[in-house]
Amino acid sequence: MKYIRAYSNGNCGGFPFASMEICGTTRKMYNNGNCNGIHEWSMRKTDRCTEVYERPGLNGIPYNYFKYTGSGVEFYPNGNGNGMPTFFFKFRGSNAVEVYPNGNGNGMPQWYFEKRGHMVTFYPNGNGNGIPVYSFDGADDVRDVIEWVFYLYIPH
């Protein structure tokens, strides 16, 4: 098992306030920094998508859906990836992601993620300038963090 911990600053200092447990293709999100108790959301990842379950466990119908494309990740507010995506996560190389509040990645990005080593920082602007608002320690893949942050902080 692997863990990613969320900090409310840009340098992973202090005590984490949320955590994610990674076990194979399953992700469990906890509203504490030590991955204990009952997790709030679950995710199942494959090579082409992530299914999000609103309750603990992976039973029932997925609540939301992330579909991987060649240039980024599309977010669907349903559990099957049908219809129009409502957000688009556009990759800028392997360590940066711009988030667009539309389903196609056109226009101005609204949020920005940057990965350095195993730390990912989240900027509340579309260009990564200024001071990051949140930081995440323990990430091997930036996709784990962008999907998690989407549920923690970005209204949808």
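Check the entry above for the structure.
Conventions used here
Chains are numbered independently. Their residues run from 1 in the order of the written sequence. Since the coordinates come from a predicted model, pLDDT governs what is reported: local features require at least 70, and pairs of side-chain atoms require 80 or more to be given and counted, while whole-chain, interface and lining totals use all residues. The basis for every side-chain value is the complete set of non-hydrogen atoms in the structure, without hydrogens or water. Strands here mean DSSP runs of E at least two residues long; helices mean DSSP runs of H or I at least four residues long; both are numbered from the N terminus. Between buried and exposed lies partly exposed: a residue is buried under 20% and exposed over 50% of the maximum accessible area for its type, with that area taken using a 1.4 Å probe on protein chains only. Two strands are said to pair when DSSP picks up at least two bridges between them. Here an angle of 0 to 180 degrees is reported between the N-to-C directions of two axes, which are lines fitted to C-alpha atoms, with helices fitted over the stretch in contact. In this analysis, rings of Phe, Tyr and Trp, with Trp reduced to its six-membered ring, are considered paired at centre separations within 6.5 Å, and the interplanar angle assigns stacked below 30 degrees, edge-to-face beyond 60, and tilted for intermediate values.

1. Thoughts on unusual backbone geometry
Okay, so step 1: Positive phi is not limited to glycine here, since C12 has a value of about 60°.
Okay, so step 2: With respect to the helices, strands and loops of the structure, C12 is situated in the loop between strand 1 (2–7) and strand 2 (18–23).
Okay, so step 3: Residue classification places C12 among the buried positions, given a relative accessible area of 17%.
Okay, so step 4: Unlike most non-glycine residues, C35 shows phi in positive territory, near 50°.

2. Notes on the sheet that holds strand 1
Okay, so step 1: The strand order 1-2-3-4-5-6-7-8-9-10-11-12 describes a closed barrel built from twelve strands, whose pairing is antiparallel. Taken pair by pair, the neighbouring strands of this sheet meet at an average axis angle of 20°, ignoring direction.
Okay, so step 2: Judged from the four bridges that link them, strand 4 (residues 41–45) and strand 5 (residues 49–53) form a sheet pairing that is antiparallel. Looking at strand 5, one finds that R44 is bridged to E51.

3. Some words on the packing of aromatic side chains
Okay, so step 1: Tallied over the entire structure, the rule returns ten aromatic pairs.
Okay, so step 2: Both rings, one in F87 and one in W111, keep their centres 6.0 Å apart while their planes meet at 35°; by these two values the pair is tilted. One end of the pair, F87, is in strand 8 (residues 87–91); the other, W111, is in strand 10 (residues 111–116), with 24 residues separating them in the sequence. W111 matches F87 in its accessibility class, with the two residues each being buried.
Okay, so step 3: An aromatic cluster of three or more residues is present, and its members are F66, F75, F87, F89 and W111.

4. Brief notes about the environment of V149
Okay, so step 1: Relative to the helices and strands, V149 is located in helix 1 (residues 142–153).
Okay, so step 2: The buried category is assigned to V149, whose relative accessible area is 0%.
Okay, so step 3: Taking the C-alpha atoms as reference, V149 lies 9.5 Å from F136; in sequence the two are 13 residues apart.

5. A closer look at the side chain of N64
Okay, so step 1: If you trace the backbone, N64 turns up in strand 6 (residues 64–68).
Okay, so step 2: By relative accessible area, N64 is classed as buried at 2%.

6. Things to note about the pairing of strand 9 (residues 96–100)
Consecutive side chains along a regular strand alternate between the two faces of the sheet.
Okay, so step 1: Of all five residues in strand 9, five are buried, a share of seventy percent or more.
Okay, so step 2: Of the two faces of strand 9, the one lined by A96, E98 and Y100 and the one lined by V97 and V99 are each fully buried.
Okay, so step 3: Alignment of strand 8 against strand 9, held across four bridges, turns out to be antiparallel. The residue bridging K90 from the neighbouring strand is E98, located in strand 9.
Okay, so step 4: Count of turn residues in the strand 8/strand 9 antiparallel hairpin: four residues, of which G93 carries a positive phi of about 75°.
Okay, so step 5: By the bridge criterion, four bridges tie strand 9 to strand 10 in an arrangement that is antiparallel. Bridge pairing links A96 to E114 in strand 10.

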